[in-house]
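# Coordinate analysis (summary)
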Amino acid sequence: MIPSVIAPDFSGIPKLNELASRDFLAGLPKAELHLHLDGALSPALMFKLAQRNQVELPYKSIAEIEAAYQFTNLQSFLDVYYRGASVLNTEQDFYDLTRDYFAKCKADNVQHTELSFDPQTHTERGIAFATVISGILRAMADAKKDWGISAKLVMDFLRHLSAESAMKTLEESLPWKDKIIAVGLDSSELGHPPSKFTEVFARARTEGYRVVAHAGEEGPPSYIWEAIELLNVERIDHGVRCDEDAKLMDYLRETQIPLTVCPLSNVRLCVFDTMAEHNLFTLLDAGLRVMINSDDPTYFGGYLNDNYFALADAFPVTREQALLLAHHSFTSSFISDDEKLKFIGQLKNYANNFQ
Ligand code: HPA
Ligand code: ZN
């Protein structure tokens, strides 16, 4: 079941062809659909938690942490990312991490977010599944109460680990299944195709989970086809290598399967050499349902608004294009049509009133 398409209708909105200013982009109501919580761990919080939990890090200062964030590909990032996640141990740590992220959502006018967590990163180190998810859920409830931010939780399996480990994690998650909207697949893509997890995803679907997967970030278009045909995904995370396969481009346009694109991530992990070479607008112009996300914002140089700004620095982004990207972010989410229409109403209202 692919998220419902609500056709964009921006008729009557003024200045659609004007370039979108930073102020216009910053205030735009938006959703985020591709965000790894462990990738929202700031160097400051990492340092604080290392001290609080007496975890030894190979860095002596926040500046040294930041200096280590030079990546050549996905794996070089993941090595640093999993080491950083080792400071997270208690329910309060997961709360603090999640709370920090929601504060950024508030600052960036993110009205709805579908954040993912990787239980295996922590259960493999002996941290209980319940500890991880309880801290996250408490912060989600507080963000709703304090800031009115809507959120859903996605559970990602680490694809470099075995299918048996993913199945065990799926079974561990079942007591919380009404609190988890979807399962996904992340970590080292090359050599770990979606087909490795066909049975796990079939079971997840029978348990009522929605399904997404990272595919076509570093992996070839065939991995995107596998995610669609074998895992039955409703959304692809990244997917930017789809442009190497004309049939796949046609299929994605016809089905409107969304791609959760992450521009700063793609440049920092050398999927594209520069932002000017990013294919987001090629995909958008081809009629694909793409939107902007931050992936791992503290590692890749920015949260959601920073991703919009980086694109606007490299491309002439019009108000209409920005509205379409934000529109896709809401319609590609796993909320109800009524909720989607409410957010789209706010989006149009914003554009109508922006000077
Ligand atoms: N790709 C794969 N796995 C990940 C990523 C990513 O961009 N971020 C965190 N885990
Ligand atoms: Zn990701």
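Residues numbered from 1 in each chain as written. Chains lettered and ligands numbered in written order. Predicted model: local features only at pLDDT ≥ 70, side-chain atom pairs only at ≥ 80, totals over all residues. Heavy atoms only, no water.

Moving on, we come to the overall build of the protein chain. Along its length, the protein chain carries 17 helices and eight strands. Over its C-alpha trace the protein chain gives a radius of gyration of 19 Å, about what one expects of a compact globule, namely 20 Å for 355 residues. Along the three orthogonal principal directions, the C-alpha set of the protein chain runs to about 55 × 40 × 40 Å. Carbon and sulfur atoms form 51% of the exposed surface of the protein chain, whose accessible area is close to 13,400 Å². Where the 33 positive side-chain charges of the protein chain centre and where its 50 negative ones centre are 6 Å apart. (Helix = DSSP H or I, 4+ residues; strand = E, 2+ residues; numbered from the N terminus. Rg over C-alpha atoms; globule rule 2.2 N^0.38 Å. Areas by Shrake-Rupley, 256 points an atom, 1.4 Å probe, with all protein chains shown as cover. Lys, Arg positive; Asp, Glu negative; His and termini not counted. Charge placed at Lys NZ, Arg CZ, Asp CG, Glu CD.)

A few words now on the packing of aromatic side chains. Enumeration over the complete set of coordinates arrives at 19 aromatic pairs. Aromatic side chains F281 and F315 sit 5.2 Å apart centroid to centroid with 55° between the ring planes, which places their arrangement in the tilted category. Residue F281 is located in helix α13 (residues 280–285), and its partner F315 is located in the loop between α15 (304–314) and α16 (319–331); the two are separated by 34 residues in the primary sequence. F315 carries the same exposure label as F281, and that label is buried. (Phe/Tyr/Trp six-rings, centres within 6.5 Å; stacked < 30°, edge-to-face > 60°. Buried < 20%, exposed > 50% of the residue type's maximum accessible area, 1.4 Å probe, protein only.)

Turning next to the coordination of the zinc ion (ligand 2). Coordination of the zinc ion (ligand 2) by the protein involves H34 (NE2), H36 (NE2), H214 (NE2) and D295 (OD), with metal-donor separations of 2.0 to 2.2 Å. What the four donor atoms of the zinc ion (ligand 2) show is an angle range of 80 to 173° at the metal, which sorts the shape as irregular. Within one chain, the residues donating to the zinc ion (ligand 2) are spaced in sequence as H-x1-H-x177-H-x80-D. Taken as a pair, H36 in strand β1 (residues 30–36) and D295 in the loop between β8 (290–292) and α14 (297–300) lie far apart in primary sequence, 259 residues in all. A relative accessible area of 5% means that H36 is categorised as buried. (Donors = N, O, S within 2.8 Å, 3.2 Å for Na, K, Ca; no water. Tetrahedral: all angles 85-135°; square planar, octahedral: opposite > 155°, others 65-115°.)

One pass over the structure, following the stated rule, counts 16 salt bridges. The closest approach of N and O atoms between R22 and D313, which form a salt bridge, is 3.1 Å. Taken together, the residues span a long stretch of sequence, with R22 in helix α1 (residues 22–27) and D313 in helix α15 at a distance of 291 residues. With a relative accessible area of 58%, D313 lands in the exposed category. (Salt bridge = Lys/Arg side-chain N within 4 Å of Asp/Glu carboxyl O.)

It is generally the case that most residues other than glycine have a negative phi and that most peptide bonds are trans. For N109, which is not a glycine, the phi torsion comes out positive at approximately 60°. Relative to the elements of secondary structure, N109 occurs in the loop between α5 (91–107) and β2 (110–117). Here H238, not a glycine, exhibits a phi torsion of approximately 75°, which is positive. Position of H238 relative to the elements: it lies in strand β6 (residues 235–238).

Moving on, we get to the side chain of D93. Its location among the elements puts D93 in helix α5. Side-chain polar atoms of D93 contact the backbone nitrogen of N89, separated by 2.8 Å. (Polar contact = N/O pair within 3.5 Å; in protein donor to acceptor, adjacent residues only side chain to side chain.)

Below, the discussion takes up the site of ligand 1. Near ligand 1 the following residues occur: H36, L74, F77, L78, Y81, D186, S187, H214, E217, H238, D295 and D296. In the environment of ligand 1, a nitrogen atom lies 2.7 Å from a nitrogen or oxygen atom belonging to the side chain of E217. At a separation of 2.7 Å, an oxygen atom of ligand 1 approaches a polar side-chain atom of D295. Burial of ligand 1 by the protein chains amounts to 100% of its free accessible area of 260 Å². The greatest single-element share of the shell around ligand 1, amounting to four residues, is contributed by helix α4 (residues 74–85). Considering only residue class, the shell around ligand 1 consists of four nonpolar, four polar and four charged. (Near = heavy atom within 4 Å. Nonpolar A, V, L, I, M, F, W, Y, C, P; charged D, E, K, R; others polar.)

Given 3.6 residues to a turn, an α-helix orients residues that are three or four positions apart in the same direction. Among the residues of helix α2 (residues 43–52), P43, L45, M46, F47, L49 and A50 are the ones counted as buried. If you follow the buried residues of α2, they end up packed against α3 (62–67), α4, α5 and α14. Just downstream of α2, Q54 is the residue with a positive phi angle, here 50°. (Contact = heavy atoms within 4.5 Å.)

Before going further, it helps to examine the packing of α5 against helix α7 (residues 129–147). Where α5 meets α7, the closest approach of the two axes is 7 Å, and the angle between their N-to-C directions is 35°. Read as a crossing pair, α5 and α7 show a hand that is right-handed. Contact residues: α5 offers E91, Q92, F94, Y95, T98, R99, F102, A103 and K106, while α7 offers T131, V132, S134, G135, I136, R138, A139, M140, D142, A143, D146 and W147. (Axes fitted to C-alpha atoms, helices over the stretch in contact; angles between N-to-C directions. Left-handed = near helix turned anticlockwise from the far one by under 90°.)

Turning next to the pairing of strand β5 (residues 210–215). Across the six residues that make up β5, a large majority, six, are buried. Sheet topology places strand β4 (residues 182–186) next to β5; two bridges connect them, and they run parallel. The residue bridging V183 from the neighbouring strand is V211, located in β5. After leaving β4, the chain enters helix α9 (residues 198–206) and then returns to the sheet as β5, a path that is right-handed. Relative to β6, β5 runs parallel, the two being bridged by four bridges. In the strand pairing of β6, A213 is matched with I236. (Pairing = 2+ DSSP bridges. Right-handed = clockwise from strand over helix to strand, strands pointing away.)

Moving on, we get to the packing of helix α8 (residues 163–173) against α9. Two numbers describe how α8 lies on α9: the axes approach to 9 Å, and their chain directions differ by 15°. Comparing their axes, α9 and α8 come out roughly parallel. As α8 runs across α9, the sense of the crossing is right-handed. Contacts between α8 and α9 pair A163, A166, M167, L170 and E171 from the former with E199, V200, R203 and A204 from the latter. Among the residues making up the contact of α8 with α9, the classes are represented as six nonpolar, no polar and three charged. (Parallel < 35°, antiparallel > 145°, perpendicular 65-115°, else oblique.)

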